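# Chain and residue survey
Each chain is listed here by its residues.
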Amino acid sequence: MQQYSSLPDQNSLIDATPKLLTTIEQLRAQLWLESSLNQLQSRLNDCLLSACNTVPQAGAAQAEIFQAVVNEINSAVHSSNLALTDCAVGIALFQPQETVATVCYVSHSPSPNSQPLFVEVLTAEKKLLLKLQEVIKLEDLQQLEHQQPQSAWRLADDSGNVMGWLIIATASLSSDRQSLIKSQAQLRSQLMARSAKYCTTALVQLRHILSWSQRYQQLSNSNQELERTNQLKNQFLANTSHEIRTPLSSIIGFTHLLLAPGYEPTRERQQEYLNIIQSSGKHLLALINDILDLSKIEANQLEVQWEIIDVPLLCSNVLALVKEKAANKGLKLCLELEPDITTLVADPLRLKQMLLNLIFNALKFTSEGSVGLRVAPKGVFVHFTVWDTGSGISQEDQVQLFEPYFQIAKAVAGGVEGTGLGLAVTQKLAQIHGGSVKVESEVNRGSRFTLVLPFKQEVGGDEGDEGDEGAKFSSFPLHFTPSSSVEILLVENDLPNADLMQIYLRKLGYQVTWVQNAGEMWETLSVLEPAVILMDVYLADGNGLNLVQQLREHPQYRTIPVIVQTAMAMKGDRETCLATGVNDYISKPIDLPLLASLVAKYSKAPTSLDGEGR
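Residues numbered from 1 in each chain as written. Predicted model: local features only at pLDDT ≥ 70, side-chain atom pairs only at ≥ 80, totals over all residues. Heavy atoms only, no water.

## Brief notes about the pairing of strand S11 (residues 370–378)
Spelled out, the test is: DSSP calls a pair of strands paired once it identifies at least 2 bridges connecting them. We count a stretch as a helix when DSSP gives it H or I for four or more residues in a row; a strand needs E for two or more, and each element gets its number in order from the N terminus.
Where strand S9 (residues 332–337) meets S11, 6 bridges bridge the pair, whose relative direction is parallel. Residue glutamate 336 lies in a different strand from S11, and its bridge partner there is arginine 374. Sheet topology places S11 next to strand S12 (residues 381–388); 8 bridges connect them, and they run antiparallel. If you follow valine 371 over to S12, its bridge partner there is aspartate 388. Hairpin connection from S11 to S12: 2 residues lie between these consecutive antiparallel strands, with glycine 379 at a positive phi of about 65°.

Put into structure tokens, the structure is as follows:
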């Protein structure tokens with residue numbers, strides 16, 4: 001029987017030994033490669049995680065990735081028995097449309113005395129120095145990328161655009177060691193190629209992280225702004241509700257008192273109650289006007305009327321308006337005018353509004369001492385400084401002081417009236433005038449608000465001529481004695497307003513016929529020839545402006561002056577009315593002296609002004 005041995009013979013063992021050693025060396029090389037790349041990937045992940053947590057600048061985060069790549073490759077090569085030779089790794093960055101790249105990152109050699117290494121361009125037989133800020137031509141980089149052994153690997157973004165090249169430079173070897181380079185060239189190529197891929201992947205991920213971070217920051221800012229706006233809205237609604245209810249309470253209460261059966265107050269008491277009702281009504285109107293003013297300013301729809309203003313006279317008038325309020329609190333009012341101040345060009349109504357806002361604020365927050373207005377020239381500007389000896393304003397509150405609807409917490413807690421609109425409106429009005437508002441204040445040491453306005457305005461000569469005619473008549477009312485034969489046709493949907501205008505105009509001597517709607521108007525016109533028609537814009541059976549257009553289509557009514565009365569009070573409303581054929585416009589609540597002036601003007605009633613002209 002034939003016998004078989006389970007052991008290999010001696011010759012077969014000798015033949016297998018080189019193959020086994022080769023396999024072990026390959027495994028060692030592969031393990032080193034994968035370990036080095038894993039270390040690089042881990043370092044790049046740390047960079048990306050840091051970018052997620054800190055949201056750095058894009059340039060700084062990208063630089064960290066580039067430096068990590070060159071350092072990790074350099075560390076891997078020099079810490080292994082598989083080190084190719086003394087070498088250096090660098091990154092040359094490239095800008096589109098340029099023909100050169102600049103070396104911006106270079107690894108540090110483990111030997112302190114090492115000299116910069118060269119990269120050989122074999123086809124051109126040239127050596128390129130690998131050091132910081134070295135400039136390398138694009139054509140040389142492309143040669144390094146395609147030659148054997150390869151010395152440069154391109155770094156491209158997710159769109160395929162080249163950002164730069166990853167470069168390796170090695171020291172020259174003696175001829176007896178050239179076989180070592182050749183045997184390990186493939187390993188070096190794999191390390192560099194995969195490192196370049198890891199680098200570009202990390203850069204793409206970084207770009208996405210920064211983009212997401214930016215979007216997150218934008219959304220966060222938007223959410224904060226929305227939350228702040230919502231808080232301001234709630235605060236505004238609460239403040240406005242309080243501001244409306246307080247004067248309404250006085251109006252309803254004192255009206256109820258005057259109407260109460262069996263209660264017969266003296267004439268002095270009646271006058272006192274009516275004054276309170278009128279003051280409360282004006283307070284409500286001022287609140288509405290502040291809201292409208294802010295809306296007009298923010299929509300760039302506020303009209304200003306430039307005039308030459310007598311500054312001392314205007315300041316005296318402003319202090320006269322607040323004199324009683326100051327006296328009620330036991331405060332002293334002061335006015336300091338430097339003699340050089342005489343006139344300036346501004347909107348008188350808006351200048352008065354700005355000064356009153358500042359002085360009313362000073363009076364509100366001053367319980368004892370003085371409140372004053374000082375006017376002084378400073379170059380081409382005039383400074384209106386309102387000062388007080390009140391409670392002062394903290395630095396934190398000063399930051400938000402001119403924000404719409406903002407109110408100081410202690411003022412709200414103390415029940416101080418206000419909607420938080422006055423200073424915001426004042427600042428915006430000052431900016432429209434080419435000026436500004438400044439504040440200086442210290443807690444418990446008073447405040448100083450300075451309104452800075454230019455003496456002159458760079459405006460056209462015709463500006464202000466097309467302003468609100470009503471405002472002119474209100475400031476300069478006509479004095480007239482109307483004939484009792486002057487017929488006025490009042491087309492008014494609202495009963496209280498109709499009663500008000502009828503009583504007032506009849507007291508002035510006019511004959512007033514009142515109708516409530518379009519149908520009644522046409523019936524009345526068939527039997528009446530009015531000198532003026534007062535037309536409400538909103539009627540139950542039609543639009544007043546449409547009725548005016550219909551009137552202008554009839555020859556017998558075409559020349560009758562029509563004055564519309566309406567709650568439309570925004571910019572453009574007057575022009576809209578005039579475009580339909582209306583002669584003039586008055587906004588509600590009705591200014592009775594203005595109404596009288598307009599009716600006198602268009603009814604051709606005899607006036608003292610006409611008499612003076614004869």
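Next comes the rest of the account.
## Points about the packing of aromatic side chains
Rules: Pairing of aromatic side chains here covers Phe, Tyr and the six-membered ring of Trp, requires ring centres within 6.5 Å, and sorts the geometry by plane angle: under 30 degrees stacked, over 60 edge-to-face, intermediate tilted. Each residue is placed in one exposure class: buried if its accessible area under a 1.4 Å probe, protein chains only, is under 20% of its type's maximum, exposed if it is over 50%, and partly exposed if it falls in between.
Per the stated rule, a full pass over the model turns up 4 aromatic pairs. Taking the centre distance of 5.0 Å and the plane angle of 40° together, the rings of phenylalanine 254 and tyrosine 273 count as tilted. One end of the pair, phenylalanine 254, is in helix H4 (residues 178–259); the other, tyrosine 273, is in helix H5 (residues 267–298), and 19 residues separate them in sequence. By relative accessible area, tyrosine 273 is classed as buried at 8%.

## Concerning the sheet that holds S12
So the rule is basically this: Geometry is summarised by axes, namely lines fitted to C-alpha atoms with helices restricted to the contacting stretch, and by angles between N-to-C directions that run from 0 to 180 degrees. By definition, residues are in contact when any of their heavy atoms lie within 4.5 Å.
If you trace the 5 strands from one edge of the open sheet to the other, you get S9-S11-S12-S14-S13, paired in mixed fashion. A strand with exactly one partner marks an edge of an open sheet, and here the two such strands are S9 and strand S13 (436–441). Each adjacent strand pair in this sheet contributes to an overall mean axis angle of 15°, direction not counted. Across the sheet, helix H7 (residues 348–364) is in contact with S11, S12 and strand S14 (447–454); its angle to S14 comes to roughly 175°. The strands touched by helix H10 (residues 422–432) are S13 and S14; relative to S13, the strand with the most contacts, the crossing angle is about 135°.

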